[in-house]
Amino acid sequence: MLVKFNSSTSGQIMMFSPAARQLLEILHKDCTARGVITSEQLPEAIERLRRAVAGGGSRGTETLPPQAGTPAQDDDSNDDQRADGPPIGLAQRAFPLIELLEWTRKEDGYILWEAAKDF
C-alpha cells in the first residue's frame, strides 16, 4: 500500500506503508489512513528524523524487513528476481521526507498524509 505525503507548499512524495510506518513512528504519529504534521510540529519532526538517522549506532543504517512477495536472498531458483544492490537503510528512506518537511517549514506550511486505510 502507498502512503502519500502532501505538502501545503512544496509538493508530494509517496512511499510504501512499511517505510512510512517506520518514519511516522519516529515522529510519534499514529499510522492512520490520514494525518497531519502541523507547521508548529515541523521543527521537532525534522529534528527527530535527523537524530534517528545520525545517532544510535546502527539506527541510521537500519533496514526494513523484506516485503511480502519479495524473493528470499538465499533462493537460487530464479536469479532474475534478486535484489540489485544493498538493502536501503533508514537514512535513504528518511531523506525525501526530511527534505519535504524542511521546504514546507520555510513556507510556514503543513504536511498531510493519506493512505487507503490505516497501516
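As a reminder, the structure under discussion sits directly above these lines.
A brief look at the structure comes next. (Residues numbered from 1 in each chain as written. Predicted model: local features only at pLDDT ≥ 70, side-chain atom pairs only at ≥ 80, totals over all residues. Heavy atoms only, no water.)

**What to know about helix H2 (residues 42–54)**
Residues spaced three or four apart along an α-helix face the same direction, because each turn holds 3.6 residues.
Okay, so step 1: Look at H2: 18 Å from first C-alpha to last across 13 residues, which is about the 18 Å you get at 1.5 Å a residue.
Okay, so step 2: Along H2, the residues that are buried comprise Leu 42, Ala 45, Ile 46, Leu 49 and Ala 52. Across the axial projection of H2, the buried residues extend over an arc of 130 degrees, all falling on one side.
Okay, so step 3: Buried residues along H2 sit in contact with helix H1 (17–26), strand E3 (34–37), helix H3 (90–106) and strand E4 (111–115). (Helix = DSSP H or I, 4+ residues; strand = E, 2+ residues; numbered from the N terminus. Expected span 1.5 Å × (residues − 1). Buried < 20%, exposed > 50% of the residue type's maximum accessible area, 1.4 Å probe, protein only. Arc of directions from axis to C-beta. Contact = heavy atoms within 4.5 Å.)

**Here's the deal with H3**
Okay, so step 1: Relative to the 24 Å expected for 17 residues at 1.5 Å per residue, H3 spans 24 Å between its end C-alpha atoms, a close match to the ideal helical length.
Okay, so step 2: Within H3, the axis deviates most sharply at Pro 96, by approximately 25 degrees.
Okay, so step 3: Looking at the buried residues of H3, the elements they touch are strand E1 (2–7), strand E2 (11–16), H1, E3, H2 and E4. (Bend = angle between axes of the 7 residues up to and from the residue.)

**Quick look at the pairing of E4**
Okay, so step 1: Burial along E4 is one-sided: the residues Ile 111, Trp 113 and Ala 115 are buried and none of Leu 112 and Glu 114 is.
Okay, so step 2: With 5 bridges joining them, E1 and E4 adopt antiparallel strand pairing. When the sheet's bridge partners are listed, Val 3 is paired in E4 with Ala 115.
Okay, so step 3: As paired strands, E3 and E4 are joined by 4 bridges and run antiparallel to one another. Following the sheet pairing, Val 36 is matched in E4 by Leu 112. (Pairing = 2+ DSSP bridges.)

**Examining the pairing of E2**
Okay, so step 1: Pairing of E1 with E2, which is carried by 6 bridges, proceeds in the antiparallel orientation. The residue bridging Ser 7 from the neighbouring strand is Gly 11, located in E2.
Okay, so step 2: Hairpin connection, E1 to E2: the antiparallel pair is bridged by 3 residues.

Keep in mind these values describe shape, not function.
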